[in-house]
Every structure is written in C-alpha cells, then in structure tokens.
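These are the residues of each chain, in order.
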Amino acid sequence: MRGIRVVAVVLLAALAVAGGVVALAATDTRSAYDGLAIVLALTAYAAVAVAIELARPGHPVGRLVLVGALLWGVGEGLLALGLAGLETGLGAPGAALAGVLGTACRGAGWLLLVLGLPLLFPDGRPPGPRSVGLVAGSIAAFTLATLVAPTPLESRLDGVDNPIGVPESARVAADLLAIGSLLATFVALVVVVRSLVVRWRTGAELERQQVAIFGAAFSLPLLLLPVISTPWAAPWMFALVLIPTPVAVGVAMFQRRLYDVQRAANRTLTYVALSVVLAGVYAAVVAGVGVVLDDRGATWLPWAGAGVVAVAFAPVRDWLQQGVNRLTYGRWSTPAEVLADTGRRLADAADAPTLLRSLTDELVTGLGLARAEIHDASGRVLAASGQPVATTGSVPLTAYGQGVGSLRWAGSPLRPVHRSLLLDLAHQVGATVHTAGLVDSLRHAREQLVLGREQERRRLRRDLHDGLGPSLAGLGLHVDAAANLLAAGQSPDTQLQLLREGLGHTVAEVRRVVEGLRPPAVDDLGLSGAIAELGRELTGGAGLDLALELPEDRPALPAAVEVAAYRVAQEALTNVVRHAHAEHCRVRVCVEAAELVLTVADDGHGGAAPGRGVGLGSMAERAQEIGGSVQVTSDTAGTTVVARFPVHEAVGP
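Residues numbered from 1 in each chain as written. Predicted model: local features only at pLDDT ≥ 70, side-chain atom pairs only at ≥ 80, totals over all residues. Heavy atoms only, no water.

Draft legend 1. The overall build of the protein chain, seen in detail. Looking only at helices and strands, one finds 18 helices and 9 strands in the protein chain. The buried share of the protein chain, taken over its 653 residues, is 40%. A fraction of 67% describes how many contacts in the protein chain between residues 6 or more apart in sequence connect residues 24 or more apart. Accessible surface, the protein chain: about 34,600 Å² in total, of which carbon and sulfur atoms supply 63%. (Helix = DSSP H or I, 4+ residues; strand = E, 2+ residues; numbered from the N terminus. Buried < 20%, exposed > 50% of the residue type's maximum accessible area, 1.4 Å probe, protein only. Contact = heavy atoms within 4.5 Å. Areas by Shrake-Rupley, 256 points an atom, 1.4 Å probe, with all protein chains shown as cover.)

Draft legend 2. Quick look at the packing of aromatic side chains. Scanning all chains against the criterion turns up 3 aromatic pairs. Look at Tyr45 and Trp72: their rings are 6.4 Å apart centre to centre, the planes differ by 70°, and that puts the pair in the edge-to-face class. Remark: Trp72 occurs in helix 3 (residues 60-88) and Tyr45 occurs in helix 2 (residues 32-55); sequence separation between them is 27 residues. No difference in accessibility class separates Tyr45 from Trp72, as the two residues are buried. Pairing Phe121 with Phe214 gives two aromatic rings, centres 4.5 Å apart and planes at 20°, and the pair type is stacked. In this pair, Phe121 sits in the loop between helix 4 (92-120) and helix 5 (129-148) while Phe214 sits in helix 7 (residues 205-224), placing the two residues 93 residues apart along the sequence. For the residue pair Phe121 and Phe214, the accessibility class agrees, reading buried in each case. An aromatic cluster of at least three residues, connected via ring pairs, comprises Phe121, Phe214 and Phe218. (Phe/Tyr/Trp six-rings, centres within 6.5 Å; stacked < 30°, edge-to-face > 60°.)

Draft legend 3. Region of the structure containing the pairing of strand 7 (residues 595-602). Within strand 7, 7 of the 8 residues are buried, which leaves the element mostly enclosed by the surrounding structure. Here 8 bridges tie strand 6 (residues 584-592) to strand 7, and the two strands are oriented antiparallel to one another. Considered in strand 7, the bridge of Glu592 is made with Glu595. Joining the antiparallel neighbours strand 6 and strand 7 is a turn of 2 residues, in which Ala593 adopts a positive phi near 50°. Bridge count between strand 7 and strand 9 (residues 638-646): 7 bridges; the pairing is antiparallel. Directly across from Thr599, in strand 9, lies its bridge partner Val642. (Pairing = 2+ DSSP bridges.)

Draft legend 4. Representation of the sheet that holds strand 7 in the model. Across the sheet, which stays open at both edges, the 5 strands sit in the order 5-6-7-9-8 with mixed pairing between neighbours. Bordering the open sheet on either side are strand 5 (545-549) and strand 8 (629-635), each of which pairs with just one other strand. Across the sheet, the mean angle from the axis of one strand to that of its neighbour is 10°, orientation sign disregarded. Contacts from helix 17 (residues 559-580) reach strand 5, strand 6, strand 7 and strand 9, with the element oriented near 5° to strand 7. (Axes fitted to C-alpha atoms, helices over the stretch in contact; angles between N-to-C directions.)

Draft legend 5. Representation of the nonpolar core within the structure. By size, the foremost hydrophobic cluster in this structure holds 41 residues, and its most contacted members are Val61, Trp72 and Val249. By residue number, the principal contributor to this core is helix 4, which donates 10 residues. When sequence neighbours within four positions are dropped, the list of residues in contact with Val61 reads Ile52, Leu117, Leu120, Phe121, Pro122, Gly124, Val249 and Met253. In this structure, Ile531, Ala582, Val589 and Leu596 belong to the second largest nonpolar core, which totals 34 residues. (Core = buried A, V, L, I, M, F, W, Y, C linked by side-chain atoms within 4.5 Å.)

Draft legend 6. Representation of the sheet that holds strand 4 (residues 402-410) in the model. The 4 strands are arranged 2-1-4-3 in an open sheet whose pairing can be described as antiparallel. Two strands in the sheet have a free side with no partner beyond their single neighbour: strand 2 (381-386) and strand 3 (393-399). Along the sheet, successive strands turn relative to each other by an average axial angle of 15°, direction set aside. Here strand 1 (residues 371-376) pairs with strand 2 via 5 bridges, running antiparallel. When the sheet's bridge partners are listed, His375 is paired in strand 2 with Val381.

Draft legend 7. Geometry of the pattern of salt bridges. Per the stated rule, a full pass over the model turns up 9 salt bridges. For Arg171, the salt bridge goes to Glu168, with nearest N and O atoms at 2.5 Å. Ionic pairing is found between Arg380 and Asp376, a salt bridge with its closest N-O pair at 3.2 Å. What makes Asp376 buried here is its relative accessible area of 14%. Among the ionic contacts, a cluster of salt bridges with common partners joins Glu549, Arg586, Arg588 and Glu592. (Salt bridge = Lys/Arg side-chain N within 4 Å of Asp/Glu carboxyl O.)

Draft legend 8. Representation of the packing of helix 5 against helix 6 (residues 171-202). It is the contact of helix 5 with helix 6, at a shortest axis distance of 8 Å, that shows an interaxial angle of 150°. Overall, the two elements helix 5 and helix 6 adopt an arrangement that is roughly antiparallel. Judged by the sense of rotation from one axis to the other, the crossing of helix 5 with helix 6 is left-handed. Of the residues in helix 6, those touching helix 5 at Ser131, Leu134, Val135, Ser138, Ala141, Phe142, Leu144, Ala145 and Val148 are Ala174, Leu177, Ala178, Ser181, Ala184, Thr185, Val187, Ala188, Val191 and Val192. Of the residues in the contact of helix 5 with helix 6, the class split is 15 nonpolar, 4 polar and no charged. (Parallel < 35°, antiparallel > 145°, perpendicular 65-115°, else oblique. Left-handed = near helix turned anticlockwise from the far one by under 90°. Nonpolar A, V, L, I, M, F, W, Y, C, P; charged D, E, K, R; others polar.)

Draft legend 9. Molecular detail of helix 9 (residues 244-253). Taking burial as the measure, the 10 residues of helix 9 include 7 buried ones, the bulk of the element. Taken together, the buried positions of helix 9 are occupied by Thr245, Pro246, Ala248, Val249, Gly250, Ala252 and Met253.

Draft legend 10. Structural context of a nonpolar patch on the surface. There is a patch of nonpolar side chains on the surface, built from Val172, Leu176, Ile179 and Leu183 and spanning about 420 Å² of accessible area. Mapped onto the elements of the fold, Leu176 is located in helix 6. Residue classification places Leu176 among the exposed residues on the basis of a relative accessible area of 56%. (Patch = residues over 30% accessible without salt bridge, like charges linked within 9 Å, V, L, I, M, F, W, Y side chains within 5 Å.)

Draft legend 11. Broad picture of helix 6. Along its 32 residues, helix 6 runs 46 Å from first to last C-alpha, staying within 8% of the 46 Å computed at 1.5 Å per residue. Those residues of helix 6 that fall on the buried side of the exposure criterion are Ala174, Ala178, Ser181, Thr185, Ala188, Leu189, Val192, Ser195, Leu196 and Arg199. (Expected span 1.5 Å × (residues − 1).)

Draft legend 12. Just the side chain of Asp602, in detail. Mapping Asp602 onto the fold places it in strand 7. Polar side-chain contacts of Asp602 include one of 2.8 Å to the backbone nitrogen of Gly604. Excluding residues within four positions of it along the chain, Asp602 makes contact with Val576, Ala580, Ala582, His584, Cys585, Ala637, Gly638 and Thr639. (Polar contact = N/O pair within 3.5 Å; in protein donor to acceptor, adjacent residues only side chain to side chain.)

Structure representation (structure tokens):
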C-alpha cells in the first residue's frame, strides 16, 4: 500500500512538472524566461512533495504542496495549449475553454501555496476551523470568479469570449464576485501571516526556528503582491519568488535539531559586505588609476586591481568580521572585553545582589537567552532575568576549590565560544556568590546574636522581677514589722528570724541567677573538673556507668568556649539520663588541631536526630555562635554527640 501511494505521488508530481514543460515548449506564446522560471518552481515544489511523502507519509503539508503544484502545473499547461490553439486558429472554442480552465487552475494552485501552505506549516494542524474556512472560501471565490467572467481574466486572452462565462448582461455581478474574491484573499493573507506570528511566539524553540526559516522565504511573494496588478509584473517573477518557499519547507520539515541561524546570518553579512567592499576597491583602482594616468584601456589595470584586492582581502575581511560580530552578537563577540568588564564590575561591587542581577540581565540581552538564573549551593535563586521558563543548560560556580552554586539558562543552544566564555565567567561570578553567602551567614549570625542577647535580657528581667523583686519586697516588710515591734517595746525576735531566712533565700536566688550567666564550677574547677562534677551529679543514682576521658592539665581556653562546651555536655548528659535508657556512657574532651573536641557517647536505644528536640537544637546554636559545630549520630547501637569548638585567639574571652 505504501508503494502504491509513493508511485501515485511521483506520477502526480511528474504531471505537475510536465505542465510547466508544456508552457516552456510554447515559446511562441510567451517568453522562454517565463516558462523556464515556472518549470524551476514546479520542479522545486514537486521534489519537496515527494520527499515529504517518502519521509512522512500522509503528512498534510506534503499533500497540500503536491495539490498546489499539480493545479499550478496543469493550469500552466492548459493555458499554454489554449493560447497556442487561439494563435493557430485550430479549435478556437476548445482553445478558449482550455485557456479559461488553465487560468482558474493556475490561480487556485498559486493561492493554495500562498495561503494554504503557511496555514498548515509546520505540523499540518491549522490554527482553527474559521481560518481554514476563510482560506478555502477565498480560493473558491477566486476560482469561481475566473470561471464565470464574461471575458477571461488572463490578459493574453483579451478579445476572447469565455465559453462558460455568464452573459454580458450579468457582468456587474461577475465583477463584484471578482472584487469580493480579491478582498477575501487579502483578509485571508492577513490571517495567515498572523497565524505564523502566533506560532513563532508560542511554539517551542525548534518550531520557532522552523517558522522563522519559512517566514524568511514566504516574505518574498508577500513583497511582490503590491505589484501584482501593475504592468511591470511578469509571470517569471511570480515563479521565482516562490522557489525559496519549497526549499525552506524542505529544510524546516526535515530539521531535527536547532541550527545556528545567528552564525549563518553572521557569515552571510560578512561575505556580502566583503564582496561589495572589494568590488568597490577593484573598481576604484581600475578607474582611478586609469583617470590619473589618462590610460583607461591599459591591459595591466585589471591585474593591478586584482593585486590590490588580494593584498587587502585579509585585513578587510577581519575588519568587517569584527564589525559584523559586534552587530550580530553585541559586545559578546569580544570575550576578552566581556571578561575584563565583568572583573572590573566585580571588583567595584558594593551590593552583591544588584551586581548578580545585572549579570543575568547582561546574559539575557547579550546572548539572546530566554532566561538566566544564578543559584547558590542550596538551590536558592540569588538573581534571575527573563521569562520564567524551564532552564535548559547550566555551569557550576566555584570559589576556592568548592562549589558555591550554579549559573543556569534557557533559550537557544549556545555557540561553543559563548559556552567557553560562560565557563570563564563562572569562576569570577563564583567568588561573588561565595561572598554573598558569607554576607548572608554573617547577617544571620548577627540576627541570632541579637536574638540570644534579647532572650538573655528577658530571662534576667524575669528572674529579677519574679524572684529577687518579691524577695526584697518581703524583706522590707519584715524590717518594717521589726521596727514597729521595737517602737512598741516588744521583742522583734520572730521578725528577725523571718528576716534572716528571707535573706538566705534571696542569696540563693542571686546565686541561681549568677550561675545562669556563667557556671561557677567552670571558674573554680576548670572545664574538665566542671564536667566531671556535672557527670557525677546527673548520673548519681541513675544506674549509669560513666567513663570520663578528660585532660589532666587545665588547658587555656577562651571563656566563651568553656561555657559553650559545658552547656553542650550538660544537655547531652541530661538527654542520656532521661531518654537514652543506656547502661554505659563515655565523655571525652581533648584539644586537636586548634579545636576543642567534646564527645558524649552512650549505648542506648538511639532515636536522636537534629530537629527532633529543643535540646539538640540548643546545642547546635551554642556551638555555631562561636564558630563551632555539633554532629549527632544515632542508631540502634546508641547515640554519639561530637561537638567541635575553635580555640584560636580570634574567639576571645
């Protein structure tokens, strides 16, 4: 079945070309140039129709191209035979009918290719039934107007009566039909152009490039439309302007990947400009030297001009290439300039987010990308420009040998030189992203510091207001009561006893508040002794075997590190006693590579994980406040907490 369809398509394509050959053979009825142009156009359309049928059987675009070429070719052949019959006087009525039918078929085929083809291109699906009805109606109206006109609409059939036309008395109606068909054709053409624009705007990148290729070729017949009814419009013009269209259809239909259209345009502009400039140089040398020497016919002048052109070829080409690169790619045509400018902007940057946003704007405008984004290591978007579409490519951003984020983009595939430039830019942008991350971390740390300070102030206020305040007020009442008893001559012993007890409670409350600020055991016993005493207090009576591995000497540690390590050990041991259900616990403290390492390990049932409790989060916050870290490992074999604190001088006491 497939073979039968292919044979039928080939035969119909051959019939279309044969019609053009008949028109070319009738050289006494028209110019040979007209016939040759028509044969070339029909051959191009027929070849594309056969190729599409072979590659994509039954595709609407291929079928429409075949039908349009067939109608056009048959129409040209019938018109040529009719004109030849009228000139020789053989079979005049039949010749006139052949001429009218040929004119109608030729016009219908030409309109089908001009209006119908762009409506279905490139996927074969029209934008809607209304547009299809408008195009089909305009073609039908034009064909009907051609068939029923009292005299044929073909100028070469002037003076011949249309054997199937309406009577002369109905000429007004026929003329109105012809004018209406022209108006409908114009409206249909506007709809077709609009559909191409919509496809280009809303389609995928590959479809957009297919439409762009077709649109460039389709613009030629559109430019010829204004002169269609002028005396300067010759038949060969219509044929020649249609030849690029089937070529564009073939290129687009068999396109499987995106082409570097920008590069093709760049090279085309370069060599067109080079040809014009060198031709001008050659003409100037030949004419100018001839005028100066008053010897315009000298045989050596062309050789001199050729020599000048040969010498000037390379520098002129390089100069024009730079100009065209600047026109086509903008300043991205000079990678060194882009890198140098980016380096200066990074060096002078005071606001990293604004700088990153300007870089993404530059990528979108300079490279014609649809989207450009800069992400940090966590995937958070730091800067973005362009339309919110899915990214299609990315390069990593690094700083000091570590990945700090990525640069992502969406749009046409980048040229190798531009991708290489992005890799070079990534090294510079990575440092800025790293700096932005440090600034964010510093800002977060400052916020946590302020938050911790305010929480500590709130706690002190609560302790002083709820504890010491009422205690001191009560002591004052006891003093007043004792004074009243003395004034009355009574013994104040009871009030003094109450006053003594109240003072004891107040001193204990003051001690509790002070210990909340800094454990006194750390100052009295050092970190190792304080942890040992803490372990004995918490594990005493709990049935827990506690093993301590503490340094014998008292290392010189910053005060902040001692307090943070003590609090972490306190929280970790409390968790072991309350939640671990462990039998053994080991606490180890040592100084390694300018770090204080605290390890608390138990053999309990595990289950501890960051984020599951307030205590674990508190330990991590205490370590992070002074640049340290806490790592928790928990499984069925037990839980291990490893806290690291820097002990260099930068921490300070």
